[in-house]
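# What the coordinates show
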Amino acid sequence: MIPAATAKYDWILAITTIAFVVSAFGNGANDVANAYATSVAARTLNMATAGVLAVFTEFIGAVAMGKRVTDTIKNGIIGIDRFEGKPGALMLAMGCAEIGSATWLMVATRMGWPVSTTQTIVGALVGVGFASQASINWGWSDGSVSQVAASWGIAPLVAAAFSAIIFGTLKYSVLERQDSFKCGMRMIPIYLAFTGAILALFIVIEAPTAPSLEDFGAGKAAGIIVGVFVGCLIIAYVFFRPYFIRRLIRNDPRVKFYHLPLGPLLLTENPPLYFPGKGEEVVVNYYEDAYGEVQAGHNDEHKEKVTSNADSGVPTPEITAMSSPSHIGDDEEKITPQSQPRKKHLEPTERFIDPVRHLPWTNPQKAYGYLKYIFLQGVTRDVVSHDSPELRAIHARANRYDDRVEHLWTYCQVVSAMMMSIAHGSNDVANAVGPWSAVYSTFNAGFVDTKTPTPVWFLVVAGLLLGLGFWFYGYHIVRALGNKITQMSPTRGFSVELGAAITVMLASRLGLPVSTTQCLTGASMGVALMNYDLGAVNWKQLGFIFGGWVLTLPCAGLVSGLLCVMALNAPHM
């Protein structure tokens with residue numbers, strides 16, 4: 001039975017619920033792209049595969065680990081005391097915050113503006129705080145605006161440092177070695193085990209029932225991490241190494257990732273391959289765009305070509321240095337000769353609508369074509385290529401490495417992308433759920449109630465919406481964050497994702513709602529700078545993204561604040 005004090009405000013709950021759905025969808029469209037943008041840009045995953053993974057990983061992160069930060073958003077930004085005895089006013093304020101957040105996220109996503117969903121909801125809450133004259137927690141305390149704002153500046157730098165260190169170790173232990181493929185075969189089991197151990201560490205300390213690390217015991221945690229590292233190392237040697245030998249050294253294109261369970265059997269003369277792959281391609285060209293063009297490595301004067309290794313008969317494509325470096329602003333013809341594209345990527349309209357456009361509506365094939373367009377248009381667009389002379393010049397300054405070595409790290413990159421997505425689900429689910437949870441609990445209690453634990457089914461719904469937002473609308477942000485900052489590849493993407501994931505999950509453990517956008521952007525910059533060439537970074541795009549960060553707080557605050565002040569002061573009949 002709903003208490004009489006709040007029963008008359010069911011319309012606020014209804015409007016807030018609609019805004020929550022839009023906000024969670026927009027959150028997924030804008031922020032989930034952070035986790036998978038580098039994997040898609042590096043051609044490790046296509047958009048459809050990334051979309052399916054996103055639905056599962058965001059759900060896991062939101063449901064299993066999202067409660068702690070949700071409590072910060074509900075209680076830590078504005079003073080709840082202002083609303084004591086006025087549950088309807090609290091419901092209205094939180095509803096306006098949800099509307100302001102949803103509005104800005106959808107507008108920014110449509111513009112291809114990767115903004116911070118954390119900044120969006122904090123700005124919206126500050127806006128309703130001003131409108132309702134509630135106290136705003138500016139001081140340096142747990143969950144305060146100051147602490148959150150500080151994390152916005154610190155998190156990108158920390159993520160950049162983590163990612164640069166990870167890529168630096170990979171660069172000098174494998175990529176820059178004379179026989180990089182042989183070094184990669186030696187090192188990949190260690191990197192696989194390291195990635196698994198990092199994932200285990202955060203599962204141990206991030207579970208909702210986990211005590212603090214001090215209470216849990218550092219020795220026990222270390223034992224679990226070492227155990228997982230050793231276990232993953234054994235799996236890497238028993239299953240992954242034979243797979244790599246069969247595919248990359250013996251050049252067997254029939255072997256696919258689902259043959260990994262065969263392990264040592266892959267080393268036999270005729271392994272029992274189930275559903276063998278077709279075609280002659282062993283590895284793809286990870287630096288090629290959708291039009292079959294490669295820009296990376298053209299300005300690398302120290303490396304005329306990637307040489308083939310003695311233990312493999314498959315050479316990788318030659319990389320010939322240009323006679324003079326290209327500079328941003330040069331004429332397009334000076335940067336790279338333009339020829340007729342060897343490939344054409346079919347966009348959703350060309351793929352699904354044009355073949356059935358001439359058919360009558362009574363034909364089921366036409367309805368099927370439009371259904372495919374509706375449900376697949378978000379994951380069938382070209383988000384890898386950028387037909388820009390300036391960006392081609394930036395990509396040309398990036399170093400290019402052996403495609404077989406890059407292939408080794410695609411498996412690490414998928415794990416790190418999933419880890420980043422779980423981290424996002426755990427941290428950013430609060431941005432949509434926090435205000436809605438406060439409205440729902442207050443409506444049911446009949447008095448101001450923001451202390452009730454967030455219901456698990458809230459996190460379930462939000463987790464699904466995060467994944468769906470990416471599936472249908474995330475391509476705008478994948479395009480903006482992928483190859484548009486620098487040339488991506490599996491080794492770079494792995495370093496970006498792992499460094500950003502470590503930063504986000506550390507912040508989540510501390511209860512700080514940091515921005516995954518800023519962490520990933522900082523991580524991308526850190527890896528790009530490891531080319532030791534400022535021209536290999538698209539500073540214009542970074543400035544564009546930074547401009548979005550600056551505008552987000554006031555825009556979200558204005559929308560929610562103006563709505564709230566008008567509603568609170570509206571005349572009554």
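About the thresholds
- Residues numbered from 1 in each chain as written.
- Predicted model: local features only at pLDDT ≥ 70, side-chain atom pairs only at ≥ 80, totals over all residues.
- Heavy atoms only, no water.
- UniProt positions renumbered as here; feature names shortened; annotations may be inferred.
- Helix = DSSP H or I, 4+ residues; strand = E, 2+ residues; numbered from the N terminus.
- Buried < 20%, exposed > 50% of the residue type's maximum accessible area, 1.4 Å probe, protein only.
- Contact = heavy atoms within 4.5 Å.
- Areas by Shrake-Rupley, 256 points an atom, 1.4 Å probe, with all protein chains shown as cover.
- Salt bridge = Lys/Arg side-chain N within 4 Å of Asp/Glu carboxyl O.
- Phe/Tyr/Trp six-rings, centres within 6.5 Å; stacked < 30°, edge-to-face > 60°.
- Lys NZ or Arg CZ within 6 Å of the ring centre and 35° of its normal.
- Bend = angle between axes of the 7 residues up to and from the residue.
- Expected span 1.5 Å × (residues − 1).
- Core = buried A, V, L, I, M, F, W, Y, C linked by side-chain atoms within 4.5 Å.
- 1 Å grid on protein atoms, 1.4 Å probe; cavity = no way out; pocket = protein on both sides within 12 Å on 5 of 7 lines; lining within 4 Å.
- Points joined across faces, edges and corners; volume = space filled by probe spheres on them.
- Nonpolar A, V, L, I, M, F, W, Y, C, P; charged D, E, K, R; others polar.
- Domains from an automatic or database assignment.

The name given to the protein chain in an unreviewed UniProt entry is Phosphate transporter, with the source organism recorded as Penicillium camemberti. Recorded in UniProt under Subcellular location (unreviewed entry), the annotation for the protein chain is "Membrane".

## Describing the overall build of the protein chain
Along its length, the protein chain carries 21 helices and zero strands. The buried share of the protein chain, taken over its 573 residues, is 57%. Contacts in the protein chain between residues far apart in sequence, at least 24 positions, make up 80% of those at least 6 positions apart. Taken as a whole, the protein chain presents about 23400 Å² of accessible surface, with 66% of it coming from carbon and sulfur.

## Quick look at the pattern of salt bridges
Scanning all chains against the criterion turns up nine salt bridges. A salt bridge links Asp-354 to Arg-357, with the shortest nitrogen-to-oxygen separation between them at 2.6 Å. The partly exposed category is assigned to Arg-357, whose relative accessible area is 44%. Notably, a salt bridge pairs Asp-403 with Arg-400, separated by 3.3 Å at the nearest N-O pair. The two residues Asp-403 and Arg-400 agree in class, both being buried.

## Looking at the packing of aromatic side chains
A complete count under the given rule lists 22 aromatic pairs for this structure. Ring geometry for Trp-113 versus Phe-544: centroids 5.3 Å apart, planes at 15 degrees, classification stacked. Note that Trp-113 is positioned in the loop between helix 5 (87-110) and helix 6 (117-132) and Phe-544 in helix 21 (residues 539-568), a separation of 431 residues in sequence. Since its relative accessible area comes to 11%, Trp-113 is described here as buried. Among the residues examined, Phe-544 registers a relative accessible area of 34% and is labelled partly exposed. Within the aromatic cluster, the residues linked to one another by ring pairs are Phe-20, Trp-436, Tyr-440, Trp-457 and Phe-458. Its guanidinium or amino end placed over the ring of Trp-361, Lys-366 lies 4.5 Å from that ring's centre, counting from NZ or CZ. For Arg-404, the ring lying beneath its charged end belongs to Phe-181, and the centroid distance is 4.5 Å.

## What about the UniProt feature "transmembrane region" (unreviewed entry) in the protein chain?
In the UniProt entry, the feature "transmembrane region" (unreviewed entry) is given for residues 47-66, 87-107, 149-170, 190-209, 221-240, 408-426, 456-473 and 544-568. Each end of residues 221-240 is marked by a C-alpha atom, and these two atoms are 27 Å apart; helix forms 100% of the span and strand 0%.

## Examining helix 10 (residues 218-249)
The largest bend in helix 10 amounts to roughly 35 degrees and is located at Ala-236. Within the sequence span of helix 10, burial applies to Ala-221, Ala-236, Phe-240, Pro-242, Tyr-243, Phe-244, Ile-245, Arg-246, Arg-247 and Leu-248. Asn-251 occupies a position one or two residues after helix 10 and carries a positive phi of about 55 degrees.

## So, the side chain of Thr-117
Considering the arrangement of structural elements, one finds Thr-117 in helix 6. Beyond its immediate stretch of four places on either side in the chain, Thr-117 contacts Asn-27, Asp-31, Leu-105, Asp-428 and Asn-431.

## What about unusual backbone geometry?
Even without being glycine, Arg-43 reaches a positive phi, approximately 65 degrees. Mapped onto the fold, Arg-43 is located in the loop between helix 2 (10-41) and helix 3 (47-65). With a phi angle near 55 degrees, Asn-251 is a residue other than glycine that sits in the positive phi range.

## Structural notes on helix 20 (residues 516-528)
End to end, helix 20 covers 18 Å across 13 residues, agreeing with the expected 18 Å (1.5 Å per residue, within 8%). Counting buried positions along helix 20 yields 12 of 13 residues, so the element is predominantly enclosed. Among all positions in helix 20, only Thr-516, Thr-517, Gln-518, Cys-519, Leu-520, Thr-521, Gly-522, Ala-523, Ser-524, Gly-526, Val-527 and Ala-528 are buried.

## Some remarks on the nonpolar core
Tyr-36, Phe-244, Trp-409 and Phe-470 are the most contacted members of the largest nonpolar core, which totals 128 residues. In this structure, Phe-244 is in contact with Met-185, Ile-188, Ile-249, Leu-408 and Tyr-411, ignoring residues within four places of it in sequence.

## Re the environment of Ile-477
Position of Ile-477 among the secondary structure elements: in helix 18 (residues 475-481). Taking the C-alpha atoms as reference points, Ile-477 and Ala-108, 369 residues apart in sequence, are found 9.5 Å from one another. Ignoring sequence-local partners within four residues, the contact set of Ile-477 consists of Ala-29, Asn-30, Ala-33, Thr-109, Gly-112, Trp-113 and Pro-114.

## Some thoughts on the layout of surface pockets
For the largest pocket, the calculated volume is near 1300 Å³. Arg-43, Thr-44, Leu-45, Asn-46 and Thr-49 are the residues nearest the centre of the largest pocket, which is lined by 43 residues in total. Contributing elements (two or more residues each) for the lining of the largest pocket: helix 3, helix 8 (180-206), helix 10 and helix 16 (410-445). Per-element tally for the lining of the largest pocket: the top contributor is helix 10, with six residues. Its residues assigned to classes, the lining of the largest pocket comprises 24 nonpolar, nine polar and 10 charged. For the lining of the largest pocket, the two domains that each supply at least three residues are domain 1 (4-172 + 394-496 + 511-569) and domain 2 (348-381).

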